[in-house]
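Letter by letter, the chains look like this.
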Amino acid sequence: TQTQRLIMPTIREKLWLSSDIGSHPSTLKERFPTYNFDHLDPVWWYQDESRNDPLEDWQRHPEEPNSEFVSRLEAFRQSLRDRPESKIAIVAHWGVLWTL
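The rules behind the values
Residues numbered from 1 in each chain as written. Predicted model: local features only at pLDDT ≥ 70, side-chain atom pairs only at ≥ 80, totals over all residues. Heavy atoms only, no water. Patch = residues over 30% accessible without salt bridge, like charges linked within 9 Å, V, L, I, M, F, W, Y side chains within 5 Å. Areas by Shrake-Rupley, 256 points an atom, 1.4 Å probe, with all protein chains shown as cover. Salt bridge = Lys/Arg side-chain N within 4 Å of Asp/Glu carboxyl O. Helix = DSSP H or I, 4+ residues; strand = E, 2+ residues; numbered from the N terminus. Buried < 20%, exposed > 50% of the residue type's maximum accessible area, 1.4 Å probe, protein only. Expected span 1.5 Å × (residues − 1). Contact = heavy atoms within 4.5 Å. Phe/Tyr/Trp six-rings, centres within 6.5 Å; stacked < 30°, edge-to-face > 60°. Lys, Arg positive; Asp, Glu negative; His and termini not counted. Polar contact = N/O pair within 3.5 Å; in protein donor to acceptor, adjacent residues only side chain to side chain. Core = buried A, V, L, I, M, F, W, Y, C linked by side-chain atoms within 4.5 Å.

**Quick look at a nonpolar patch on the surface**
Inference 1: A cluster of nonpolar side chains, namely Ile88, Ile90, Leu97 and Leu100, defines an oily patch on the protein surface of about 290 Å² accessible area.
Inference 2: With respect to the helices and strands, the residue Ile90 is situated in the loop between α2 (66–81) and α3 (94–99).
Inference 3: Judged by relative accessible area, Ile90 falls into the partly exposed class, the value being 32%.

Dropping the structure here:
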């Protein structure tokens, strides 16, 4: 049986720096052709243009609020509970795994 590989944007790292921004799904598909990225939105990382607080000089994008990050990971945790598999491996950024 082939192992099923899922790309789940709910387990992406917390956007804090500009370097935390992901790549467009078409770019990911070129780099990793054995994975399916069709379900990802073109911008699948955190974005909030409505924030009024000014960005620091080193920031190009607003930081993802910790409450949203934790809420997103809780939704991921619930999705794991709903899965039928008895064994699941998770590959993610260290901050995601530490927060989980």
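That covers the picture; the talk isn't over yet.
**A look at α2**
Inference 1: With 16 residues, α2 extends 23 Å from end C-alpha to end C-alpha; this agrees with the ideal 22 Å at 1.5 Å per step.
Inference 2: Its buried side turned inward, α2 meets α3.

**Here's the deal with the packing of aromatic side chains**
Inference 1: Per the stated rule, a full pass over the model turns up two aromatic pairs.
Inference 2: Judged by centre distance (6.4 Å) and plane angle (45°), the rings of Tyr35 and Phe37 are tilted.
Inference 3: With a relative accessible area of 29%, Tyr35 lands in the partly exposed category.
Inference 4: Ring centres of Trp44 and Trp45 lie 5.7 Å apart, and the angle between their planes is 75°; this geometry places the pair in the edge-to-face category. No difference in accessibility class separates Trp44 from Trp45, as the two residues are buried.

**Some words on the side chain of Arg12**
Inference 1: Considering the arrangement of structural elements, one finds Arg12 in the segment before α1 (25–31).
Inference 2: Buried and without a salt bridge, Arg12 has Glu64 as its closest oppositely charged side chain, separated by 4.2 Å.
Inference 3: Engagement of the side chain of Arg12 in a polar contact is seen with the backbone oxygen of Pro9, the distance being 2.8 Å.
Inference 4: A distance of 3.5 Å separates a polar side-chain atom of Arg12 from the backbone oxygen of Trp44.
Inference 5: What Arg12 contacts, discounting residues up to four positions off in sequence, is Trp44, Trp45, Tyr46, Glu64, Phe69, Arg72 and Val96.

**A few points about the nonpolar core**
Inference 1: In terms of nonpolar packing, the biggest core is built from seven residues, these being Leu15, Leu28, Phe37, Leu40, Trp44, Trp45 and Tyr46.
Inference 2: Beyond its immediate stretch of four places on either side in the chain, Trp45 contacts Arg12, Leu15, Ile21, Gly22 and Ser23.
Inference 3: Grouped together as the second largest cluster of nonpolar side chains are five residues, Phe69, Leu73, Phe76 and Val96 included.

**A short note on the pattern of salt bridges**
Inference 1: Considering all chains together, one arrives at five salt bridges under this definition.
Inference 2: The residue Arg81 makes a salt bridge to Glu74 at a minimum N-O spacing of 3.5 Å.
Inference 3: Overall, Glu74 belongs to the partly exposed group, its relative accessible area being 35%.
Inference 4: A salt bridge links Glu85 to Arg83; the shortest N-O distance between them is 2.8 Å.
Inference 5: Taken together, the shared-partner salt bridges in this structure form one network comprising Glu74, Arg77 and Arg81.

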